[in-house]
Amino acid sequence: MKVALFGTQFYEREYFTKFNVDNKHELVFFNESLNATTSHLTKGFRAVCVFGTDKMDKSCIQKLAKLGVQLIDLRSAGYDNVDLKSANTNNIKVLRVPAYSPQAVAEHAVALIMTLNRKTHKAYNQVRENNFSLEHLMGFNLCNKTVGVVGTGKIGRAFCAIMLGFECKIIAFDVKENEDLKQKGVQYKTFTDLLSQSDIISIHCPLTPKTTHLFDKKAFGKIKKGAMIINTSRGGIINTKEAIEALKNQQIGYLGIDVYENEGSLFFKDQSQTVIQDDVFERLLSFNNVLITPHQAFYTQEAVTEIAKISIQNFTDFEENRELKNEIK
Ligand code: NAD
């Protein structure tokens with residue numbers, strides 16, 4: 001089947017080509033993101049393969065349908081960028097990669113915690129300049145700290161497993177509780193209790209209308225003063241402008257984010273020679289207790305291999321009219 005892959009990165013071209021065994025599918029890689037404006041590029045394709053930065057809104061989907069596209073395959077787990085209702089109305093199937101490596105994301109959340117806490121990024125730079133002072137490098141023990149996990153799905157559970165190893169007390173909030181985690185000592189709380197009791201809060205729920213700006217001024221007002229917040233889920237779960245205010249009044253003590261609500265125009269490209277126009281993002285960068293990574297939590301060899309393999313299997317399942325086990329309904 002002829003598939004148009006949008007917003008592709010160098011590593012995706014390599015991995016998709018490698019796992020497209022016997023050139024079963026004709027893969028055409030585009031640098032452009034897919035949205036209503038670039039939708040004309042899908043002419044002649046039955047299937048498109050997209051990522052979180054592609055904007056699959058009603059207008060884009062209607063245009064795809066007119067051009068004969070029948071499949072939208074997401075090479076991601078999250079699907080908040082696709083108007084599912086429009087896809088359904090236009091008879092376009094939507095498939096995804098529901099899980100590729102929850103550990104990749106969970107381990108990155110821990111990397112953010114460890115870096116913010118033990119300041120290894122600062123020590124690295126200072127030692128290179130022969131500055132061996134310990135000033136400003138003090139951290140805290142993770143052992144016995146209370147860690148609040150928002151969303152205990154696949155990634156949240158992998159994250160709990162690691163933090164239990166640090167001998168942290170784990171509390172959680174989810175719309176449905178996981179019995180296995182409870183057996184391991186994780187205690188479910190209300191969202192408000194989680195906010196007020198946690199030393200570290202890690203976000204692992206999807207972006208939905210209910211979780212959009214779940215972390216806002218009101219929520220920041222309820223956290224322990226100086227708590228650490230980690231977001232490897234979706235940027236829109238945090239109200240960035242209100243987080244900046246909470247950083248200024250030191251209510252948030254540390255912020256580690258791999259995602260940002262307006263990341264679409266910034267991330268996944270080298271902007272080192274560009275004048276960044278996003279003042280909110282630039283203000284975030286100015287805090288010495290904020291650590292931002294460019295949506296790389298998923299980016300391990302294992303995860304990228306799984307994404308390529310499962311996406312190609314999705315193309316085959318669709319083309320051969322097999323059961324679509326990764327369909328989003
Ligand atoms: P999952 O579906 O396995 O788990 C999500 C959990 O969140 C579920 O237990 C669900 O019940 C819970 N949830 C849903 N609505 C909630 C709400 N209103 N309040 C509290 N909990 C709620 O998903 P997952 O595989 O663990 O992934 C979680 C998220 O991580 C994805 O939605 C995606 O946005 C993000 N993600 C980020 C990266 C990255 O590279 N940064 C990579 C993969 C996934």
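Fair warning: this is a prediction, and the values are worked out from it, not measured in the lab.

Calculation criteria
Residues numbered from 1 in each chain as written. Predicted model: local features only at pLDDT ≥ 70, side-chain atom pairs only at ≥ 80, totals over all residues. Heavy atoms only, no water. Near = heavy atom within 4 Å. Polar contact = N/O pair within 3.5 Å; in protein donor to acceptor, adjacent residues only side chain to side chain. Areas by Shrake-Rupley, 256 points an atom, 1.4 Å probe, with all protein chains shown as cover. Nonpolar A, V, L, I, M, F, W, Y, C, P; charged D, E, K, R; others polar. Helix = DSSP H or I, 4+ residues; strand = E, 2+ residues; numbered from the N terminus. Buried < 20%, exposed > 50% of the residue type's maximum accessible area, 1.4 Å probe, protein only. Pairing = 2+ DSSP bridges. Contact = heavy atoms within 4.5 Å. Axes fitted to C-alpha atoms, helices over the stretch in contact; angles between N-to-C directions.

### Let's talk about the site of the ligand
Phase 1 of the analysis: Residues in contact with the ligand amount to 22 residues; listed here are only the nearest, Tyr 100, Lys 154, Ile 155, Asp 174 and Thr 232.
Phase 2 of the analysis: Here an oxygen atom of the ligand sits 2.6 Å away from a polar atom, N or O, in the side chain of Asp 174.
Phase 3 of the analysis: One nitrogen or oxygen atom from the main chain of Ser 233 is found 3.5 Å from an oxygen atom belonging to the ligand.
Phase 4 of the analysis: Starting from 870 Å² of accessible surface for the ligand in isolation, the protein chains cover 87%.
Phase 5 of the analysis: Taken together, the residues that form the shell around the ligand break down as nine nonpolar, eight polar and five charged.

### Remarks on the environment of Arg 157
Phase 1 of the analysis: Among the secondary structure elements, Arg 157 is positioned in helix H6 (residues 154-165).
Phase 2 of the analysis: When its relative accessible area of 33% is taken as the criterion, Arg 157 is described as partly exposed.
Phase 3 of the analysis: Once the C-alpha coordinates of Arg 157 and Pro 102 are considered, the two residues, 55 residues apart in sequence, prove to be 8.5 Å apart.

### Observations regarding the sheet that holds strand S11 (residues 252-257)
Strand pairing within a sheet occurs via backbone hydrogen bonds; the two strands may be parallel or antiparallel.
Phase 1 of the analysis: Here seven strands make up an open sheet; going across it, the order is S8-S7-S6-S9-S10-S11-S12 and the pairing parallel. Looking at strand neighbours, the two that pair on one side only are strand S8 (187-188) and strand S12 (290-292), the edges of this open sheet.
Phase 2 of the analysis: Note: strand S9 (residues 200-203) against strand S10 (residues 227-231), four bridges, orientation parallel. By the bridge assignment, Ile 200 is partnered in S10 with Met 228.
Phase 3 of the analysis: Where H6 meets the sheet, its contacts fall on strand S6 (146-150), strand S7 (169-173) and S9, and the angle it forms with S6 comes to roughly 170°.

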